[in-house]
Amino acid sequence: MGERRAGLSAWHWLGYSTACNAAIGLFFYWLGGKGSLADNLLISMCIGYGCWLGCTLLSLRGGRRHPAWYLLVAALSVPLGFKLAAWLGAVDVLASLSGNVWRVLGPALLVAIFAMLLSTSHFRSRELAMELETTRRREAESRQAETAAQLALLQAQIEPHFLFNTLANVQSLIALDPPRAERMLGYLNTYLRASLARTRHGAGTLAQELELVGALLDIAGMRMGARLQVAVTAAPELMDWPLPPLLLQPLVENALRHGIEPSIDGGRLEVAAERDGERLRLRVSDTGVGLDPAASGGVGLANVRGRLASLYGGAARLALRDNPPHGVVAELLLPAANGAG
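Here is a short report on the structure shown in this document. Counting restarts for each chain, with residues numbered from 1 along the sequence as it is written. Reporting of local features is limited, given that this is a predicted model, to residues whose pLDDT is at least 70; pairs of side-chain atoms are given and counted only at 80 or more, and all residues count toward the totals for whole chains, interfaces and linings. Water and hydrogen atoms play no part in the side-chain values, which are based on all heavy atoms of the structure.

Moving on, we come to the packing of helix H6 (residues 206-224) against helix H7 (residues 249-260). Two elements in contact, H6 and H7, have axes whose closest approach is 9 Å; the angle formed by their N-to-C orientations is 20 degrees. In terms of their interaxial angle, H6 and H7 are classed as roughly parallel. Helix-helix and strand crossings are classified by hand; for H6 and H7 the assignment is right-handed. Within the contact between the two elements, H6 uses Glu209, Leu212, Val213, Leu216, Leu217, Ala220 and Met224 and H7 uses Gln249, Val252, Glu253, Leu256 and Ile260. Throughout, an axis means a line fitted to C-alpha atoms (over the contacting stretch in the case of helices), and angles, computed between N-to-C directions, take values from 0 to 180 degrees. Working definition: helices are DSSP H or I runs of at least four residues, strands are E runs of at least two. Numbering for both runs from the N terminus. By the definition adopted for this analysis, an angle is roughly parallel if under 35 degrees, roughly antiparallel if over 145, roughly perpendicular if from 65 to 115, and oblique otherwise. A crossing counts as left-handed when the near helix is turned anticlockwise from the far one by less than a right angle, and as right-handed when that turn is clockwise. Every residue pair with non-hydrogen atoms within 4.5 Å of one another is taken to be in contact.

Below, the structure is given as structure tokens:
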């Protein structure tokens, strides 16, 4: 018995159908069916494969089939199965009953209908499970594509301001201080290489992100000179902690642009990574002009919050607070991921 479904192998159907037909043949033989065990098995196989052929023809019509069609298939397959088995050498059960054929056809018809419904439900449940898995896979691919698009958008939003400022500084330094202009171009080259390497992959490590941030701070130090003091601290055992790109960099860029640069005296910018239980705590603090409501609701921080929600759900958070006597502390708290820690 059985209806073959798309996506299921022929061997799976053959094994299932043969086992089902054999079980029915054994059942009728155990009840005292006419003929030998081989006769009962052959009759069951002929009826079962006849039902399968009818169901297969119905499936070619497509769409949902009315139950009456399965009744028709069973009504045709049962008597034809008995006759086919007799032609192949089994006992002719119908001929031996002397006209009282419903004593055999009735139970056989009920068993065939029940077996078809059971088999159809089995294959339908497998088909639905495969469709659900396909849908989940497509949704996962769609989420990955959306995340990649958001990452590219964030990169496009962050880089113009930074690149324009850097190139403008290089241009002004070419005539005034060529060696310094050359060093700044070297830092820019390092930054762009690290940036491209990070954004082409959805996963990375804290060490890679700190390399990118380090190049960014080197360039900022060339531009701002003594107005910028920098400190980066992270324990060596945290360097392999999995960290998606563009979570830490926007916080550093935000501290430079809205904290240190507007301050006449400049300030100190500190980047720290430390372990907090099973979580990673990233902190970017500055001694700049302090919290700016417009900056705290800006594009960069909004994108960081959006990526945190997409990557970690509610398990990660971004917090901003004052850094007395003046300045801002931006803190990321991230859960362990991909075996981190």
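One speaks of a salt bridge when a side-chain nitrogen belonging to Lys or Arg is within 4 Å of a carboxyl oxygen belonging to Asp or Glu. Scanning the entire structure with this criterion turns up 10 salt bridges. A salt bridge links glutamate 270 to arginine 268; its shortest N-O distance comes to 2.7 Å. The buried label applies to any residue whose accessible area, calculated with a 1.4 Å probe on protein chains only, is under 20% of its type's maximum; exposed applies above 50%, and partly exposed to all values in between. Judged by its relative accessible area of 35%, arginine 268 falls in the partly exposed class. A salt bridge links arginine 281 to glutamate 331; the shortest N-O distance between them is 2.7 Å. Here arginine 281, found in strand S3 (residues 279-286), pairs with glutamate 331, found in strand S5 (residues 328-335); they are 50 residues apart in sequence, far enough to count as distant.

Let us look at the sheet that holds S5. Whether two strands pair depends on DSSP finding at least two bridges between them. In spatial order, the strands read S1-S2-S3-S5-S4; together these five strands make up an open sheet with mixed pairing. The open sheet has two edge strands, strand S1 (228-234) and strand S4 (317-322), and neither has a second partner. Adjacent strand axes in the sheet meet at a mean angle of 10 degrees when their direction is disregarded. Summarising the sheet, strand S2 (residues 267-276) and S3 pair through eight bridges and their orientation is antiparallel. Of the residues in S3, the one forming a bridge with arginine 275 is leucine 280. Each of S1, S2 and S3 is contacted by H6, which is oriented at about 170 degrees to S1, the strand it contacts most.

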